[in-house]
Amino acid sequence: MAALKLKKGASSHSAYNLRPTFSDVEERHALAVLVANEAGVLARVIGLFSGRGYNIESLTVAEVDHEKQLSRITIVTTGTPQMIEQIKAQVGRIVAVYDVHDLTVEGPAVERELALFKVTGTGDKRIEALRLAEIFRANVVDSTLDSFVFEITGDVGKIDAFADLMRPIGLVEMARTGVAALSRGPE
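Attention in this report is confined to the structure presented alongside it. (Residues numbered from 1 in each chain as written. Predicted model: local features only at pLDDT ≥ 70, side-chain atom pairs only at ≥ 80, totals over all residues. Heavy atoms only, no water.)

Here the focus is the overall build of the protein chain. Each helix and strand counted, the protein chain has 4 helices and 9 strands in total. Secondary structure of the protein chain in N-to-C order comes out as β-α-β-β-α-β-β-α-β-β-α-β-β. Looking at the protein chain as a whole, 32% of its 187 residues are labelled buried. Look at the contacts in the protein chain between residues 6 or more apart in sequence, and 70% of them connect residues 24 or more apart. Total accessible area on the protein chain is roughly 11700 Å²; 55% of this is exposed by carbon and sulfur atoms. (Helix = DSSP H or I, 4+ residues; strand = E, 2+ residues; numbered from the N terminus. Buried < 20%, exposed > 50% of the residue type's maximum accessible area, 1.4 Å probe, protein only. Contact = heavy atoms within 4.5 Å. Areas by Shrake-Rupley, 256 points an atom, 1.4 Å probe, with all protein chains shown as cover.)

For Q69, which is not a glycine, the phi torsion comes out positive at approximately 55°. Here Q69 is to be found in the loop between β2 (56–65) and β3 (70–79). You will see that R137, though not glycine, has its phi angle at about 60°, which is positive. Topologically, R137 is positioned in the loop between α3 (124–135) and β6 (139–143).

Right, let's talk about the packing of helix α1 (residues 41–52) against helix α2 (residues 81–92) for a bit. In the contact formed by α1 and α2, the axes pass within 10 Å of each other and the chain directions differ by 140°. On the basis of their axis angle, the class for α1 and α2 is oblique. Helix-helix and strand crossings are classified by hand; for α1 and α2 the assignment is right-handed. For the pair formed by α1 and α2, the contact residues are L48, F49 and R52 on the first element and I87, Q90 and V91 on the second. For the contact of α1 with α2, a count of residues per class yields 4 nonpolar, 1 polar and 1 charged. (Axes fitted to C-alpha atoms, helices over the stretch in contact; angles between N-to-C directions. Parallel < 35°, antiparallel > 145°, perpendicular 65-115°, else oblique. Left-handed = near helix turned anticlockwise from the far one by under 90°. Nonpolar A, V, L, I, M, F, W, Y, C, P; charged D, E, K, R; others polar.)

This next bit is on the pattern of salt bridges. Summed over all chains, the structure comprises 9 salt bridges. Between R44 and E38 there is a salt bridge, and its shortest N-O distance comes to 3.7 Å. For E173, the salt bridge goes to K118, with nearest N and O atoms at 3.5 Å. Here the residue E173 occupies a position in strand β8 (residues 171–176), and K118 occupies one in strand β5 (residues 109–120), the gap between them amounting to 55 residues. Looking at K118, the relative accessible area reads 33%, which means it is partly exposed. Where salt bridges share partners, they join E85, K88 and D102 into one cluster. (Salt bridge = Lys/Arg side-chain N within 4 Å of Asp/Glu carboxyl O.)

Before going further, it helps to examine the pairing of strand β7 (residues 147–154). The buried count for β7 comes to 6 of 8 residues, which makes it a mostly enclosed element. Sheet topology note: the β5/β7 ladder contains 8 bridges and is antiparallel. Each residue of the ladder has a partner; that of F117, found in β7, is F150. Note that β6 and β7 share 4 bridges and pair antiparallel. Paired with V140 across the two strands is F150, which belongs to β7. Joining the antiparallel neighbours β6 and β7 is a turn of 3 residues. (Pairing = 2+ DSSP bridges.)

Time to look at the side chain of K88. Structurally, K88 can be placed in helix α2. Once residues lying within four places of it in the same chain are set aside, the contact partners of K88 are L31, V100 and D102.

And the structure:
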């Protein structure tokens with residue numbers, strides 16, 4: 001008998017689905033939640049996470065349709081597949097939530113984050129900071145005689161790598177927007 005070849009996140013409502021429904025492996029998931037743009041909605045969604053002890057690694061919120069009064073919340077969280085399914089179900093039951101998508105499971109998605117880095121230094125450290133910024137395609141958005149503010153956009157790994165390289169040079173402050181994500185393709 002041939003082994004079943006099921007993709008990560010694949011599910012079937014068939015009685016013959018032999019995929020185990022339990023796992024203790026924690027996975028990172030990006031959830032896109034379409035909500036009514038009204039007071040208290042974000043607090044209800046986030047309250048669900050904190051009330052059940054779920055961690056939020058990244059959170060971004062913005063209005064996406066002014067006429068329909070809709071906002072999009074992008075939440076990056078980590079949990080077992082059962083925890084993620086429970087989170088999606090519970091978020092979906094909140095009154096002002098219209099749609100919940102797990103971008104990690106539904107197919108290819110594009111994730112990006114914006115960050116600002118303030119780096120201080122003079123002489124060789126200043127030159128090294130500019131060299132690394134060029135390699136990472138970071139833009140200088142502010143400059144003084146002893147500091148730079150760099151703007152960088154990319155995936156979480158790129159932002160983390162840039163931060164790790166700038167720390168010994170003189171990284172003094174950092175601000176990150178959190179992950180913004182969209183599924184790829186026509187949908």
